[in-house]
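Analysis of the macromolecular model
Letter by letter, the chains look like this.
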Amino acid sequence: MPVVEISGKVTPKRTIPMQPDAEAVNSEAKLVMARIIARHLAANPGAVDRALAGYVAWSAEERSTKPAVYWIEALEKGAAATRRRITQRDKRAAWMRNSTPITLSADLPCLRDVDFRRRIWRDAKRLVARRMRGDLEAFSKGRMSRSEAIHRLGLRDYAELLVALGDEGLPIPMPREVELEAQAAVFEQLWKTT
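Below is a summary of the structure that appears in this document. Treat the numbers as computed from the prediction; the structure is a model and nothing was measured. Sequence positions are assigned chain by chain, starting from 1 and proceeding in written order. Local features in this predicted model are restricted to residues whose pLDDT is 70 or higher, and side-chain atom pairs enter the listing and the counts only when it is 80 or higher, whereas totals over whole chains, interfaces and linings include all residues. To obtain the side-chain values, all non-hydrogen atoms of the structure were included, while hydrogens and water were left out.

As a further point, take the nonpolar core. Nonpolar cores are built from buried Ala, Val, Leu, Ile, Met, Phe, Trp, Tyr and Cys residues. Side-chain atoms within 4.5 Å join them into one set. Burial status follows relative accessibility: with a 1.4 Å probe on protein chains alone, a residue under 20% of its type maximum counts as buried, one over 50% as exposed, and anything between as partly exposed. Residues L111 and L161 are the most contacted members of the largest nonpolar core, which totals 41 residues. Elements with a minimum of two residues in this core: α1 (22-43), α2 (46-56), α4 (66-76), α5 (79-86), α8 (114-140), α9 (146-153) and α10 (158-167). L161 has contacts with L136, F139, R146, A149, I150, L153 and L155, leaving out every residue within four places of it along the chain. Only DSSP runs of H or I with at least four residues qualify as helices, and only runs of E with at least two residues qualify as strands; both kinds are numbered from the N terminus onward. Note on contacts: a residue pair qualifies if any of its non-hydrogen atoms lie within 4.5 Å across the two residues.

With that settled, the discussion passes to α9. Residues of α9 that are buried include every one of A149, I150 and L153, and no others. The buried residues of α9 occupy one face: seen down the axis, they fall within an arc of 100°. For α9, exposure combined with an orientation more than 90 degrees from the buried face picks out S147 and H151. Buried residues along α9 sit against α8 and α10. Downstream of α9 by a residue or two, G154 has a phi angle that is positive, lying close to 70°. As used here, the arc is the angular range of directions from the helix axis to the C-beta atoms.

Here we take up the environment of N26. Mapped onto the elements, N26 comes out in helix α1. Given a relative accessible area of 33%, N26 falls into the partly exposed group. Each C-alpha atom of the pair N26 and A124 lies 7.6 Å from the other, and the pair is 98 residues apart in sequence. Under this definition, polar contacts are N or O atom pairs within 3.5 Å; protein pairs additionally need one hydrogen-donor-capable and one acceptor-capable atom, and for neighbouring residues in sequence, both atoms have to be side-chain atoms. Polar side-chain contacts of N26 include one of 2.7 Å to the side chain of W121.

Once that is clear, we can look at the side chain of T82. With respect to the secondary-structure elements, T82 resides in helix α5. Setting aside anything within four residues of it in sequence, one finds T82 in contact with L41, W71, A74 and L75.

A few words on the packing of aromatic side chains. Pairs were defined over the aromatic rings of Phe, Tyr and Trp, the Trp ring being its six-membered one, requiring ring centres within 6.5 Å. Orientation was assigned from the angle between planes: stacked under 30 degrees, edge-to-face over 60, tilted for the rest. A full pass over the atoms with the stated rule returns two aromatic pairs. Taken together, a centroid distance of 4.7 Å and an interplanar angle of 70° make the contact between Y55 and W58 edge-to-face. Lying across the ring of Y158, R146 places its NZ or CZ 3.6 Å from the centre. Distance and angle both matter: a charge sits over a ring if NZ of Lys or CZ of Arg is within 6 Å of the ring centre and within 35 degrees of the ring normal.

Geometric values such as these leave the question of function open.
Here it is as structure tokens:
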């Protein structure tokens, strides 16, 4: 374990494991809730009509927001279309998951329960952390490019990626043997010309 010297004392340095981004955790938690809503719609297609009726009381301005427009379009197509739409991983579905009329209705009281939502959030945090660890391992084993790893992990640069590898105790990926040989040949050529 690395050590840090503070005022003459040597103390072990604690590494803080990479923390999942709150936005990624919230997005995953909302996807879990959307799947609960989708199951509910499969068992109770009448919830679509109740949710659609809820929009009637809204002002024209409130109904013109992106989430409302997307929800109204999906709900008008029926329960099956709404179920498919809200569980997709795209921007439109993400907008819909930010404000769902089904959660606000009396149909799903479990999603209004604070303890239940906290449990979903904790599970989502563990899931995102496991995915991040998997991405780091994939990069470490050479199965993911540097730029893709930085993007997927939400890091700023390669330096942060190297720190994350170190914090998780993973080795830095080595180039393939063919690449090493090519680099050695270039270096040898340069060495001879100088």
